[in-house]
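Structural overview for review
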Amino acid sequence: MNMSLMNIKNITVLGSGVMGHGIAQVSAMAGYNVALRDIDQKFLDKAMGKIIWSLNKLVEKNKITKQESEKIIGRIKTYVDLRESLNDSDLVIEAVPEDMNLKKKIYAELDKLAPSNTVFASNTSTLPITELSEVTTRSSTFIGIHFFNPPQLMPLVEVIPGAQTSNSLIDTTMRYVKSIGKEPVLCNKDVAGFIVNRIFIPLVHEAIWSLERDHVKMTEIDAAVKFKLGFPMGILELADYAGIDVIHKATQEMYSRDKGVINPHPILAKLFKEGNYGQKSGRGFYEYENSAYERISLTAEEAERYNPLRLLGVAVNNACWLITNRVSNMEDIDRATKFGLGLKVGLFPTAEKFGFVKIVDELKRAVKIYGNFYEPDATLLKLVQ
Ligand code: 3HC
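What counts and how
- Residues numbered from 1 in each chain as written.
- Predicted model: local features only at pLDDT ≥ 70, side-chain atom pairs only at ≥ 80, totals over all residues.
- Heavy atoms only, no water.
- Core = buried A, V, L, I, M, F, W, Y, C linked by side-chain atoms within 4.5 Å.
- Buried < 20%, exposed > 50% of the residue type's maximum accessible area, 1.4 Å probe, protein only.
- Helix = DSSP H or I, 4+ residues; strand = E, 2+ residues; numbered from the N terminus.
- Contact = heavy atoms within 4.5 Å.
- Expected span 1.5 Å × (residues − 1).
- Arc of directions from axis to C-beta.
- Polar contact = N/O pair within 3.5 Å; in protein donor to acceptor, adjacent residues only side chain to side chain.
- Salt bridge = Lys/Arg side-chain N within 4 Å of Asp/Glu carboxyl O.
- Pairing = 2+ DSSP bridges.
- Axes fitted to C-alpha atoms, helices over the stretch in contact; angles between N-to-C directions.
- 1 Å grid on protein atoms, 1.4 Å probe; cavity = no way out; pocket = protein on both sides within 12 Å on 5 of 7 lines; lining within 4 Å.
- Points joined across faces, edges and corners; volume = space filled by probe spheres on them.
- Nonpolar A, V, L, I, M, F, W, Y, C, P; charged D, E, K, R; others polar.
- Near = heavy atom within 4 Å.
- Areas by Shrake-Rupley, 256 points an atom, 1.4 Å probe, with all protein chains shown as cover.
- Domains from an automatic or database assignment.
- Buried area = accessible area lost by both parts, 1.4 Å probe.

Some words on the nonpolar core
- Residues Leu110, Phe200, Ile235, Phe285, Val316 and Ile359 are the most contacted members of the largest nonpolar core, which totals 88 residues.
- Here the element with the most residues in this core is helix H14 (residues 309–324); it accounts for 9 residues.
- Residues contacting Val316, with those up to four places away along its chain left out, are Leu347, Phe348, Ala351, Phe356, Ile359 and Leu380.
- Core analysis: the second largest hydrophobic core is formed by 37 residues, Ile23, Leu91, Ala95 and Ile180 among them.

Next comes the structure, spelled out in structure tokens:
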């Protein structure tokens with residue numbers, strides 16, 4: 001298939017939740033016509049409210065003008081009817097809940113309803129792209145485009161080809177991502193968690209294990225992650241922000257595909273079962289006054305009470321696994337952690353500051369006490385030779 005970016009003018013975004021509304025907004029900001037589709041008009045009205053809130057913030061900060069904001073809103077049309085939302089669509093970006101059966105059902109339907117030249121992308125955070133693409137008759141024009149929350153502010157977009165994705169669609173996707181002002185990072189293999197979630201999701205669980213094992217406070221761990229590891233938020237604060245439901249589903253999916261990637265802590269599943277989804281439900285690890293953007297207050301003083309070496313070790317170990325298995329390389333992992341998680345410097349320069357020898361020693365110590373999950377990866381061992 002010979003397809004150039006020139007052909008992408010009209011984008012359909014399926015699902016208007018946290019990710020869908022943001023993807024619709026950033027695409028419309030770059031001049032694309034967007035059809036935003038959801039199963040009920042009330043979800044679409046809520047999504048348009050969030051888009052208007054976000055655009056107003058950008059106007060307030062002189063990033064765009066009021067006139068531009070109105071034009072952007074004018075480029076987004078909302079639909080409940082799936083068939084109508086697909087008229088003239090060049091690219092469908094699906095951002096519906098992370099449920100394999102639901103996504104497969106939608107792709108089977110899309111395959112029948114969408115024009116034959118429409119290409120499909122999934123914003124899934126962990127589900128296998130190849131398996132999803134196989135329910136359609138167009139697996140060569142099917143790809144993963146994974147945005148980060150909030151899509152309006154996070155520069156990273158992971159691009160994940162499935163086993164059959166054509167090279168021209170990979171090029172087109174990389175150019176689409178650049179055209180909306182984002183930083184694409186190619187994930188060479190369709191592995192559980194891709195690049196960033198392979199690092200982020202296990203880190204959330206490790207932070208919960210640390211609460212239990214090291215007898216520290218949540219705010220002490222979070223402050224250490226923020227002030228010593230250079231994250232913009234604490235790790236449990238970030239889990240609440242991304243959504244405990246999202247993290248729980250990603251955990252289940254990643255763990256079912258690869259037992260070595262994650263050491264699930266039962267507290268996360270418990271929070272999920274209790275409906276404590278984080279900021280959006282008013283309660284997760286922390287409590288929130290309302291569901292709007294809200295931050296936890298963390299101090300440099302609290303950070304001094306915790307050494308996040310084992311947390312860093314787990315993150316770096318998973319990053320090294322990505323290198324050993326040729327999913328990514330050090331440079332892209334640094335870009336991905338900077339642009340997708342907001343790290344001040346990338347993960348590897350952060351680790352270098354702590355010292356790879358210290359990190360390996362800490363992991364070896366953890367193997368003895370807590371088990372093989374902490375076994376240092378071959379690439380990490382090479383770094384200390
Ligand atoms: N649109 C526009 N403005 C927004 C916004 C949005 N969607 N969301 C928040 N803002 C505004 C806030 O209201 C605030 O405005 P104010 O200055 O008027 O109060 C401003 O942006 C942010 O200012 P802050 O000083 O509070 O925050 P930061 O400078 O730290 O930036 C951040 C905010 C970009 C969210 C930063 O904290 C960050 O990078 N956090 C990490 C987020 C992250 O890691 N995301 C990835 C999660 S993993 C994921 O998504 C993958 C998935 O598959 C699980």
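Section: helix H2 (residues 41–60)
- Relative to the 28 Å expected for 20 residues at 1.5 Å per residue, H2 spans 28 Å between its end C-alpha atoms, a close match to the ideal helical length.
- Looking at H2, one finds that the buried residues are Leu44, Ala47, Met48, Ile51, Ser54, Leu55, Leu58 and Val59. Buried positions in H2, seen along its axis, are confined to an arc of 145° and lie on one side of it. Seen from the buried face of H2, the exposed residues on the opposite side, beyond 90 degrees, are Lys42, Lys46 and Glu60.
- Buried residues along H2 sit against helix H1 (18–29), strand E2 (33–37), helix H3 (66–74) and strand E3 (76–79).
- With a side-chain oxygen lying 3.0 Å from the backbone nitrogen of Lys42, the N-terminal cap of H2 falls on Asp40.
- At the exit of H2 stands Asn62, carrying a positive phi of roughly 55°.

Brief notes about the pattern of salt bridges
- Summed over all chains, the structure comprises 19 salt bridges.
- Residue Asp190 pairs with Arg257 through a salt bridge whose shortest N-O separation is 4.0 Å. With Asp190 in the loop between strand E8 (183–186) and helix H8 (196–214) and Arg257 in helix H11 (residues 244–257), this residue pair connects regions lying 67 residues apart in the sequence.
- Exposure remark for Asp190: the relative accessible area of 18% places this residue in the buried category.
- Take Arg257: its relative accessible area is 31%, and that puts it in the partly exposed class.

A short note on the sheet that holds strand E4 (residues 91–94)
- Spatially, 8 strands are ordered E3-E2-E1-E4-E5-E6-E7-E8 in an open sheet, and the strand pairing comes out mixed. Bordering the open sheet on either side are E3 and E8, each of which pairs with just one other strand. For this sheet, the mean inter-axis angle between neighbouring strands, taken without regard to orientation, is 25°.
- One ladder, built from 4 bridges, connects E2 with E3; its direction is parallel.

Remarks on the environment of Gln25
- When you line up the elements, Gln25 lands in helix H1.
- With 30 residues separating them along the chain, Gln25 and Leu55 place their C-alpha atoms 8.6 Å apart.
- Contact partners of Gln25, with chain neighbours within four places excluded, come to Ile51, Ser54, Leu55, Leu58, Ile72, Ile76 and Gln152.
- In this structure the side chain of Gln25 is engaged in a polar contact, spanning 2.9 Å, whose partner is the side chain of Gln152.

Comments concerning empty space enclosed by the protein
- All chains considered together, the criterion is met by 2 cavities of 30 Å³ or more.
- When its volume is computed, the largest cavity comes out at roughly 50 Å³.
- In this structure, the second largest cavity occupies an estimated 40 Å³ of space.
- Leu203, Leu229, Phe231, Leu312, Ala315, Leu347 and Thr350 are the residues that line the second largest cavity.
- Contributions of two or more residues to the lining of the second largest cavity are made by H14 and helix H16 (347–354).
- Taken together, the residues that form the lining of the second largest cavity break down as 6 nonpolar, 1 polar and no charged.

So, the site of the ligand
- Within the structure, the ligand sits among 22 residues, and Ser54, Lys57, Lys61, His146 and Asn149 are positioned closest to it.
- In this structure, a nitrogen atom belonging to the ligand sits 2.7 Å away from a main-chain N or O atom of Asn149.
- Measuring from an oxygen atom of the ligand, one finds a side-chain N or O atom of Arg295 at 3.0 Å.
- Alone, the ligand offers 1100 Å² of accessible surface; in the complex the protein occludes 76% of this.

Observations concerning the side chain of Arg37
- On the secondary structure map, Arg37 appears in strand E2.
- One polar contact links the side chain of Arg37 to the main-chain carbonyl oxygen of Val80, over a distance of 3.0 Å.

A look at the domain arrangement of the protein
- Splitting the protein by domain gives domain 1 (3–186) and domain 2 (196–383).
- Taken over C-alpha atoms, the centre of domain 1 sits 28 Å from the centre of domain 2.
- In this complex, domain 1 contributes 18 residues to the contact, which on the side of domain 2 involves 18 residues.
- For the pair domain 1 and domain 2, the summed buried surface comes to about 1500 Å²; carbon and sulfur atoms form 59% of the total.
- On the surface where domain 1 and domain 2 come into contact, there are 1 salt bridge.
- Close ionic contact of Arg335 with Glu183 constitutes a salt bridge, the shortest N to O distance being 3.2 Å.
- Where domain 1 meets domain 2, there are 6 residue pairs in polar contact (both at pLDDT 80 or more).
- Put simply, the parts of the chain that give the side of domain 1 that touches domain 2 at least two residues each are strand E7 (156–161) and E8.
- With 4 residues, E8 is the largest single contributor of residues to the side of domain 1 that touches domain 2.

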